[in-house]
Amino acid sequence: MNVNNYTFGYGAEVGAAAMVFPRTKRYWIAVDAGRDTFTNERLAGRYLLHSWVNDVYPPVVRLITKRVSEGRPLIVARVVDFPARGGASGVDPASLVIAYQRALVGASAYDPSSGIVLFGLPAEAPAIPARKLSATITAADFQEAKNLSTPRGAILPNTTFRQVSIRAVPGPAATWVTPETNACVARRRQELVVVASSTARVRNVAFLADGKRVATRRGTTAELYSAVWQTGRATSGKHRLSAIVRDVRGRTYRTNRVVRVCR
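Quick summary incoming for the structure in this document. Here the structure is a predicted model, which means the values were calculated and not measured. (Residues numbered from 1 in each chain as written. Predicted model: local features only at pLDDT ≥ 70, side-chain atom pairs only at ≥ 80, totals over all residues. Heavy atoms only, no water.)

This brings us to the packing of aromatic side chains. A complete count under the given rule lists one aromatic pair for this structure. Between Trp176 and Phe207, the ring centres sit 6.2 Å apart and the planes meet at 70°, which makes this aromatic pair edge-to-face. In this pair, Trp176 sits in strand E10 (residues 173-178) while Phe207 sits in strand E12 (residues 202-209), placing the two residues 31 residues apart along the sequence. Each of the two residues, Trp176 as well as Phe207, counts as buried. The ring centre of Tyr253 lies 3.9 Å from the NZ or CZ of Arg67, which sits over that ring. (Phe/Tyr/Trp six-rings, centres within 6.5 Å; stacked < 30°, edge-to-face > 60°. Helix = DSSP H or I, 4+ residues; strand = E, 2+ residues; numbered from the N terminus. Buried < 20%, exposed > 50% of the residue type's maximum accessible area, 1.4 Å probe, protein only. Lys NZ or Arg CZ within 6 Å of the ring centre and 35° of its normal.)

Have a look at this one:
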């Protein structure tokens, strides 16, 4: 359980355990799966245990959707706990919170493999006005949930409070989620993902590669759109991807991304 009462997930089950200044010896680990809190379903089965040593650095947070439509758009960020920086315990999904206009909103979904975090703003949350807005994204790792004593003297040493700026516009907006800029795409099939919204209903989102249409997706309330780009016949080198969002008022917005096909 999370035993750090300075965190949002205090008292919640996090499936992690930690020690400060442990003795050098052999340790045996027992896993009690228990039951799901909401459905009471048994969670018995196969588990992958992950261990870490000297995780004293917080996760890295980066805002992806810097330009959004005004209202309550989907906010997307990437949160990663890099082993190369001294982290390894992994991001605690219960710690992921965005704060803006005196409101706190927890993450709707988190993908640990990519680090993508989705913040769906509910109707009870304040609407984002058409201007620049300051917000704070909070993220901690599993080590933070176990910090009873802090060697470095910080209250929350493994928590990141990232100040971000979100620009909302009175019209359509779109942002690439994957692939990353200048990334080497998959050799045969590459998934393309964008987040798109507008102040009016989105009619469709078109995906293009080097100006040629890859796919068109109808507008949905989910605001996440994906397509598959067949890269097997693409030449090696740089390629330009585009996503064009069109709303029912005829307004459009185009976002581009340069990637590479590596053989």
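Here we take up the nonpolar core. Counting residues in each nonpolar core, the largest one holds 24 residues, and the members touching the most others are Ile75, Leu96, Ile98, Tyr100, Phe119 and Ile137. The greatest single-element share of this core, amounting to four residues, is contributed by strand E8 (residues 132-140). Core analysis: the second largest hydrophobic core is formed by 20 residues, Trp176, Ala196, Val202 and Val259 among them. (Core = buried A, V, L, I, M, F, W, Y, C linked by side-chain atoms within 4.5 Å.)

All right, on to the pairing of E12 then. Within E12, six of the eight residues are buried, leaving the element largely enclosed by the surrounding structure. Inspection of the sheet shows E12 paired to strand E13 (residues 212-218) by six bridges, in the antiparallel sense. Bridge pairing in E13 places Ala209 opposite Lys212. Counted along the chain from E12 to the antiparallel partner E13, the turn is two residues long, and its residue Asp210 has a positive phi close to 55°. (Pairing = 2+ DSSP bridges.)

This part is about the state of the cysteines. Under the criterion given, the structure shown has one disulfide. The disulfide bridge from Cys184 ends at Cys262, spanning 2.0 Å between sulfur atoms. Here Cys184 and Cys262 share a disulfide; its torsion about the S-S bond, -60°, makes the bridge left-handed. Taken together, the positions of Cys184 in the loop between E10 and strand E11 (189-197) and Cys262 in the segment after strand E16 (252-261) put the pair 78 residues apart, joining distant regions of the chain. (Disulfide = S-S within 2.5 Å.)

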